[in-house]
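Architecture and fold: a report
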Amino acid sequence: MANDFIDYRDIFLNDRPMMDTRAPIEFLKGAFPGVVNLPLMTDSERQRVGTCYKQQGQQAAIVLGHQLVSGETKAQRIQAWAEFARRHPDGLLYCFRGGLRSQIVQQWLKDEAGVEYPRVGGGYKAMRTFLLETVEQAASQCDLVLLGGMTGTGKTDVLAQLDNSLDLEGHANHRGSSFGKRATGQPSNIDFENRLAVDVLKKRAAGIEQFVLEDENRMIGSCALPLPLFQRMQQVPMVWLEDSVERRVERILRDYVVNLCAEFVAVRGEEGFSLFAERLLASLDNIRKRLGGDRHRRLMDILEAALAEQARSGAVDLHRDWIEGLLREYYDPMYVYQREKKNLRIEFSGEQPAVLAYLRERAARRAP
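What counts and how
Residues numbered from 1 in each chain as written. Predicted model: local features only at pLDDT ≥ 70, side-chain atom pairs only at ≥ 80, totals over all residues. Heavy atoms only, no water. UniProt positions renumbered as here; feature names shortened; annotations may be inferred. Helix = DSSP H or I, 4+ residues; strand = E, 2+ residues; numbered from the N terminus. Buried < 20%, exposed > 50% of the residue type's maximum accessible area, 1.4 Å probe, protein only. Contact = heavy atoms within 4.5 Å. Areas by Shrake-Rupley, 256 points an atom, 1.4 Å probe, with all protein chains shown as cover. Lys, Arg positive; Asp, Glu negative; His and termini not counted. Charge placed at Lys NZ, Arg CZ, Asp CG, Glu CD. Core = buried A, V, L, I, M, F, W, Y, C linked by side-chain atoms within 4.5 Å. Axes fitted to C-alpha atoms, helices over the stretch in contact; angles between N-to-C directions. Parallel < 35°, antiparallel > 145°, perpendicular 65-115°, else oblique. Nonpolar A, V, L, I, M, F, W, Y, C, P; charged D, E, K, R; others polar. Expected span 1.5 Å × (residues − 1). Arc of directions from axis to C-beta. Salt bridge = Lys/Arg side-chain N within 4 Å of Asp/Glu carboxyl O. Pairing = 2+ DSSP bridges. Left-handed = near helix turned anticlockwise from the far one by under 90°.

Within an unreviewed UniProt entry, the label attached to the chain reads tRNA 2-selenouridine synthase, and the organism entered is Pseudomonas citrulli. Under the Subunit (unreviewed entry) heading, UniProt states for the chain: "Monomer."

This is the structure in structure tokens:
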């Protein structure tokens, strides 16, 4: 159609408002940042139409669809679409492939609400393909450098101070370790990939062609890094962030105890502290086999005592003991081994000020 919009780059660079007319179940599996779901059909209606299509063909399915979405139901949905269109005159609508559903919504809007509204040519599928290709192209075309370092050295703090960083853990809403779950859940894997791709697209449009990323496993909680990006990350240079055990303990105390507890209380109210305590205890249990029974029990006793004191008085001092024990006995030996394997890729190491200065100078040196 003449008013199909296919400039996907423009859509995501300019945060064009969009209404997704797919069924709620499709939307929940994955969508784009900021998009509103205003479906043509509910999940059950879509299922009935799909069954009819398989058994009796397209025309019978279209007839059933019009029967299901008629009268007051149809009027309410058209009203919601029209309100969105009037609030967002620069917006767009789409369905899965830019086919029948978005065409029907577009036609009903025009005929019954007097609103002409453009739809996205190719729909969700075409935009999703564009975003996946955006990440794949960046992985092959851009200069990447990984930021590594032991647990608690403040890698996320460094990334937050760089204009050319990609915060993978931020997009995944997870801190990346066994203790990394947040009070709010993770996005679906598709949503994670879409957020990352939009971030890459906007930064490349701003002229950034070198990216600093944290050295991550393929999985960040339940979110998987796009394979082309992860594969490239295994080959690129690294910068190693160092810090004292004492400062690392304080940073972990801040992030995983003080801030995480506050996050749970803010999100869950009165039950927030108990849910925070359960989360910490479960996180330690998750690495029970790797710790060994005796060490796990010893650290668990310390953690339980620290949580009891925190619940009683609000003091968090006792948490330092299990944090330091976990660093010295579990995380540090693991990171020493990993560093030895990656030693040939490390081009610089130092504490935060030196690493920040080096990464900024490196970006300036390689700027076009």
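That covers the picture; the talk isn't over yet.
1. Some words on the overall build of the chain
The helix and strand tally for the chain stands at 17 helices and 12 strands. Along the three orthogonal principal directions, the C-alpha set of the chain runs to about 70 × 55 × 40 Å. A buried classification covers 49% of the 368 residues belonging to the chain. Contacts in the chain between residues far apart in sequence, at least 24 positions, make up 72% of those at least 6 positions apart. In the form shown here, the chain has an accessible surface area of approximately 17,900 Å², with 50% of it arising from carbon and sulfur atoms. The averaged location of the 51 negative side-chain charges in the chain is 4 Å from the averaged location of its 50 positive side-chain charges.

2. Overview of the UniProt feature "domain: Rhodanese" (unreviewed entry) in the chain
Under the present numbering, the feature "domain: Rhodanese" (unreviewed entry) in UniProt falls on residues 20-136. Taken end to end, residues 20-136 is 65% helix and 7% strand, and its first and last C-alpha atoms sit 25 Å apart.

3. Re the nonpolar core
Among the nonpolar cores identified, the biggest contains 76 residues, and F12, M18, W322 and L326 are the most heavily contacted of them. The biggest single contributor to this core is helix 12 (residues 245-268), with nine residues. Other than its neighbours up to four places away in sequence, W322 contacts F179, V257, L280, L299, I302, L303 and A306. Within the second largest apolar cluster, 22 residues are counted, among which are M19, I78, F84 and A85.

4. Some details on the packing of helix 13 (residues 272-286) against helix 15 (residues 293-313)
Packing of helix 13 against helix 15 leaves a shortest axis separation of 10 Å and a crossing angle of 170 degrees. Of the possible angle classes, the one that applies to helix 13 and helix 15 is roughly antiparallel. Facing helix 13, whose interface residues are F273, F276, A277, L280, L281, L284 and D285, helix 15 presents H296, L299, M300, L303, E304, L307, Q310 and A311. A class-by-class count of the residues in the contact of helix 13 with helix 15 yields 11 nonpolar, two polar and two charged.

5. Looking at helix 3 (residues 43-56)
Its 14 residues give helix 3 an end-to-end C-alpha distance of 20 Å, which sits within 8% of 20 Å, the value for a rise of 1.5 Å per residue. Of all the positions in helix 3, only E45, V49 and C52 are classed as buried. Viewed end-on, helix 3 has its buried residues packed into an arc of 60 degrees, placing them on one side of the element. Exposed side of helix 3, more than 90 degrees from the buried face: Q47, K54 and Q55 are the residues found there. Where helix 3 is buried, its residues touch helix 4 (58-68) and helix 5 (71-87). Within two residues after helix 3, G57 carries a phi angle of roughly 100 degrees, on the positive side.

6. Looking at the pattern of salt bridges
This model, assessed by the stated rule, comprises 32 salt bridges. A salt bridge links E271 to R268; the nearest nitrogen and oxygen atoms lie 3.0 Å apart. Judged by its relative accessible area of 38%, E271 is partly exposed. In this structure, R312 engages E309 in a salt bridge whose closest nitrogen and oxygen atoms are separated by 2.9 Å. A residue pair is termed a helical-turn pair when its members lie 3 or 4 positions apart in one helix, as R312 and E309 do in helix 15 at three residues. Judged by relative accessible area, R312 falls into the exposed class, the value being 65%. Where salt bridges share partners, they join D157, D243, R247, R251, R254, D255 and E351 into one cluster.

7. Focus on the pairing of strand 6 (residues 143-149)
Side chains on a regular strand alternate between the two faces of the sheet. Counted residue by residue, strand 6 has seven buried out of seven residues, so it is predominantly covered. The sheet contact formed by strand 6 and strand 11 (residues 238-241) spans four bridges and is parallel. Bridge pairing in strand 11 links G149 to L241.

8. Description of the packing of helix 3 against helix 4
For the pair helix 3 and helix 4, interaxial distance at closest approach is 7 Å and the crossing angle is 155 degrees. Here helix 3 is positioned roughly antiparallel relative to helix 4, judged by the angle of their axes. As for how helix 3 packs across helix 4, the hand of that crossing is right-handed. Within the contact between the two elements, helix 3 uses E45, R48, V49, C52, Y53 and Q56 and helix 4 uses Q58, A60, A61, L64, G65 and L68. Split by residue class, the contact of helix 3 with helix 4 holds seven nonpolar, three polar and two charged.

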